Amino acid sequence: MGSRTKGSTMTETAEYEITRIFDAPRERVFAAWTEPERFARWFGPRDLAAPADRIGMDVRPGGAWEVTFVGEGGFEVPLGGVYREVAAPGRLVFTTGDPDDPGDGPASVVTVSLDVDGGRTLMRFHQYGVNTPPEHAEQAQAGWIEFFDRLAELVSRA
């Protein structure tokens, strides 16, 4: 974590990696990342729903993805980005927000690599954030860890 100079303004950047092993074939893990019905069952905090009908995924380089989390009382949080690389079933690279023009909000690039580990899947998750102060990065990393706990529950079921 640190800062980097872009033109005359300082932009805070953050970077981290999370490695997990899932007791499932990588095709199943990849499907959980790319199929709205499966994605809806693990992506997001446990106290918010991500209904499949509120998820859009055009899973190809240049295609957009979007999800709207729904909470109690009609509370909604939209999130989305663009796929940069799609190489099924081993690799996904996508943005959240627009890291090339993030404005005032955080934006990042996520790389998900899925490797065969016996009958299991080794996932390497890497996130690089622009306009991301360290405290936001720590919250995001903790959030992803919770999401991956839910992903493990989903993919370990046949």
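Note: the structure precedes this text.
All chains use their own residue numbering, which begins from 1 and follows the written sequence. Residues qualify for local features only when their pLDDT is at least 70, as the model is predicted, and side-chain atom pairs are given and counted only at 80 or more; totals for whole chains, interfaces and linings, by contrast, use all residues. Excluded from the side-chain calculations are hydrogens and water; all other atoms, namely the structure's heavy atoms, are used.

Chemist: Just give me the short version of the packing of aromatic side chains, but keep the residues and values in it.
Modeler: Planes of paired rings set the category: under 30 degrees apart is stacked, over 60 is edge-to-face and the rest tilted, where pairs are Phe, Tyr or Trp rings (Trp by its six-membered ring) whose centres lie within 6.5 Å. Across all of its chains, the model carries 20 aromatic pairs by this definition. An angle of 35 degrees between the planes, with centres 6.2 Å apart, marks the rings of W42 and F148 as tilted. Linking W42 in the loop between α2 (36–39) and β3 (55–57) with F148 in helix α3 (residues 134–156), this pair joins segments that are 106 residues apart in sequence. The buried category is assigned to W42, whose relative accessible area is 0%. Plain terms: the ring middles of F43 and W65 are 6.1 Å apart, the flat faces sit at 85 degrees to each other, and that makes the pair edge-to-face. Within this pair, whereas F43 is found in the loop between α2 and β3, its partner W65 is found in strand β4 (residues 64–70), the two being separated by 22 residues in sequence. Think of it in three bands: with a 1.4 Å probe and only protein chains considered, a residue is buried below 20% of the maximum accessible area for its type, exposed above 50%, and partly exposed in between. The class for W65 is buried, based on a relative accessible area of 5%. For the purposes of this entry, the term helix denotes a DSSP run of H or I that reaches at least four residues, the term strand denotes a run of E that reaches at least two, and both are numbered from the N terminus.

Chemist: Before we move on, can you summarise the nonpolar core with the specific residues and values?
Modeler: Within the largest apolar cluster, 35 residues are counted, with the highest numbers of intra-cluster contacts made by W33, W42, F43, V112, F125, W144 and F148. Of all elements in the fold, only β2 (9–22), α1 (26–34), β3, β4, β6 (91–96), β7 (107–117), β8 (120–130) and α3 reach the threshold of two or more residues within this core. Ranked by residue count, the leading element in this core is α3, at seven residues. Discounting residues that sit within four places of it in the chain, F43 has contacts with A50, W65, V67, F69, L79, W144, F147 and R150. What we call a nonpolar core is a set of buried Ala, Val, Leu, Ile, Met, Phe, Trp, Tyr and Cys residues that are connected through their side-chain atoms within 4.5 Å. Residues are treated as being in contact if the distance between any of their heavy atoms lies within 4.5 Å.

Chemist: With reference to specific residues and values, describe the pairing of β8.
Modeler: Sheet topology places β7 next to β8; eleven bridges connect them, and they run antiparallel. Counted as the bridge partner of V112 is F125 from β8. Counted along the chain from β7 to the antiparallel partner β8, the turn is two residues long, and its residue G118 has a positive phi close to 65 degrees. Any two strands between which DSSP finds at least two bridges are classified as paired.

Chemist: So what's going on with α3? Which residues, and what values?
Modeler: Between its first and last C-alpha, α3 extends 33 Å over 23 residues, near the 33 Å set by a 1.5 Å rise per residue. Within α3, burial applies to A137, G143, W144, F147, F148, R150, L151, L154 and V155. For a helix, the expected span equals 1.5 Å multiplied by the number of residues minus one.

Chemist: Help me get a handle on the environment of Q141, residues and values and all.
Modeler: Examined against the element boundaries, Q141 turns out to sit in helix α3. Sequence-wise, Q141 and Q127 are 14 residues apart; in three dimensions their C-alpha atoms are separated by 8.8 Å.

Chemist: Please set out the pattern of salt bridges residue by residue, giving values where relevant.
Modeler: By convention in these notes, a salt bridge is any Lys or Arg side-chain nitrogen within 4 Å of a carboxyl oxygen on Asp or Glu. A complete count under the given rule lists eight salt bridges for this structure. A salt bridge links E35 to R38, with the shortest nitrogen-to-oxygen separation between them at 2.9 Å. Take R38: its relative accessible area is 32%, and that puts it in the partly exposed class. With a shortest N-O distance of 3.1 Å, E76 and R54 are connected by a salt bridge. Here E76, found in strand β5 (residues 76–87), pairs with R54, found in the loop between α2 and β3; they are 22 residues apart in sequence, far enough to count as distant. Judged by relative accessible area, E76 falls into the partly exposed class, the value being 43%. The exposure class assigned to R54 is partly exposed, which follows from its relative accessible area of 30%.

Read these as geometric descriptors, not functional statements.
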